[in-house]
Amino acid sequence: MTVEDNGTGIPHDMLTRIFDLFTQAERSYQRAQGGLGIGLTLAAADADAGPTARTPVGPRALKRQRVLVVDDNVDAADSLRLLLDMIGMDALAVHDGPTALAEIASFAPDLILLDIGMPGMDGHEFARHVRSRPDTDRVRLVAVSGWGQEEDFRRSREAGVDHHLVKPVDLDALERLLAEDVAPGRTTR
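The present account deals with the structure reproduced in this document.

The rules behind these values
Residues numbered from 1 in each chain as written. Predicted model: local features only at pLDDT ≥ 70, side-chain atom pairs only at ≥ 80, totals over all residues. Heavy atoms only, no water. Helix = DSSP H or I, 4+ residues; strand = E, 2+ residues; numbered from the N terminus. Buried < 20%, exposed > 50% of the residue type's maximum accessible area, 1.4 Å probe, protein only. Contact = heavy atoms within 4.5 Å. Salt bridge = Lys/Arg side-chain N within 4 Å of Asp/Glu carboxyl O. Pairing = 2+ DSSP bridges. Right-handed = clockwise from strand over helix to strand, strands pointing away. Axes fitted to C-alpha atoms, helices over the stretch in contact; angles between N-to-C directions.

1. Topic: the overall build of the protein chain
Of regular secondary structure, the protein chain possesses six helices and five strands. Of the regular secondary structure in the protein chain, the N- to C-terminal order runs α-β-α-β-α-β-α-β-α-β-α. Looking at the protein chain as a whole, 38% of its 189 residues qualify as buried. At a minimum sequence separation of 6, the contacts of the protein chain that also span at least 24 residues come to 59%.

2. Some details on the environment of histidine 163
You can see histidine 163 is positioned in strand β5 (residues 163–166). Counting along the chain gives 19 residues from histidine 163 to valine 144, while the straight-line C-alpha distance between them is 8.7 Å.

3. Some points on the pattern of salt bridges
Taken as a whole and assessed by the stated rule, the structure comprises eight salt bridges. For the salt bridge of arginine 66 with aspartate 90, the shortest nitrogen-to-oxygen distance reads 2.7 Å. One end of the pair, arginine 66, is in strand β1 (residues 66–70); the other, aspartate 90, is in strand β2 (residues 90–94), with 24 residues separating them in the sequence. Under the relative-accessibility criterion, arginine 66 is labelled partly exposed at 29%. For arginine 81, the salt bridge identified is with aspartate 85, shortest N-O distance 2.8 Å. With arginine 81 and aspartate 85 both in helix α2 (residues 74–86) and four residues apart, this pair spans about one turn of that helix.

4. Side note on the pairing of strand β3 (residues 111–114)
Side chains Leu111 and Leu113 project from β3 onto one buried face, and the interleaved Ile112 and Leu114 project onto a second face that is buried too. As judged from the four bridges shared by β1 and β3, these two strands associate in the parallel manner. Residue pairing across strands places valine 67 opposite leucine 111, the latter belonging to β3. By the bridge criterion, four bridges tie β3 to strand β4 (residues 140–145) in an arrangement that is parallel. Looking across to β4, one finds that isoleucine 112 is bridged to leucine 141. In this view, the connection linking β3 to its parallel neighbour β4 by way of helix α4 (residues 123–131) has right-handed handedness.

5. A few points about the sheet that holds β2
An order of β2-β1-β3-β4-β5 is seen for the five strands of this open sheet, with the pairing classed as parallel. A strand with exactly one partner marks an edge of an open sheet, and here the two such strands are β2 and β5. Ignoring strand direction, the axes of neighbouring strands in this sheet form an average angle of 20 degrees. Strands β1, β2 and β3 of the sheet are contacted by α2, whose axis makes an angle of about 175 degrees with β2.

As C-alpha cells, then:
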C-alpha cells in the first residue's frame, strides 16, 4: 500500500494526533478542503502505531447491535456507519428524519445516533416521534451534535434523547455507550 499526501504538510504540534479520529490540522473557512479527518485513522487501523496507540474496545468486546445513523451530512453519516461496521456493529445510515422513521420498523435498531441540526425534521422532533411509538420503547437515542452547551443537553433530554455526544465524536466515548447495556431514559453526555 502506498499513501500519498499532496497537502501543505503536518505542523509539528499535530504529529501526536494524526491518527486520532476526526482530526484535522487546521479548520477555517479560508481552508475549507472538505473531508472528515478519518483517512489516517482508517489507513492505520491494523498498523502498530507504537506504545502511545489507543487500544480500542474492538468487536469481540462489544455485543453486536443494530445502529441507525441519522445525519443530513452524507459524508459524516456514511463515515460513521463505516466506522460502526468496522467495530462489529450492524449499521445503516440515512440522511433525514422521515426516512429514518420509515426504516425503524424494518431495521429494528437497538441504538440510534442522530444529528440534531437537520433541516426539515430536526433531531429533537425526530426523537419525540421515536419516543411516541410503542415499538421503540427499548431503543436508545444518542444525539451526535455540534451543539454542546448546557441548554442543548437540556433540550435533548426533554425530547427523549438518552445521551448527547458533541461532534467530533470521541471514539472511546462512543464505544463506551455501545458497551453499556442501559435501558433508555437517562440522559448523559
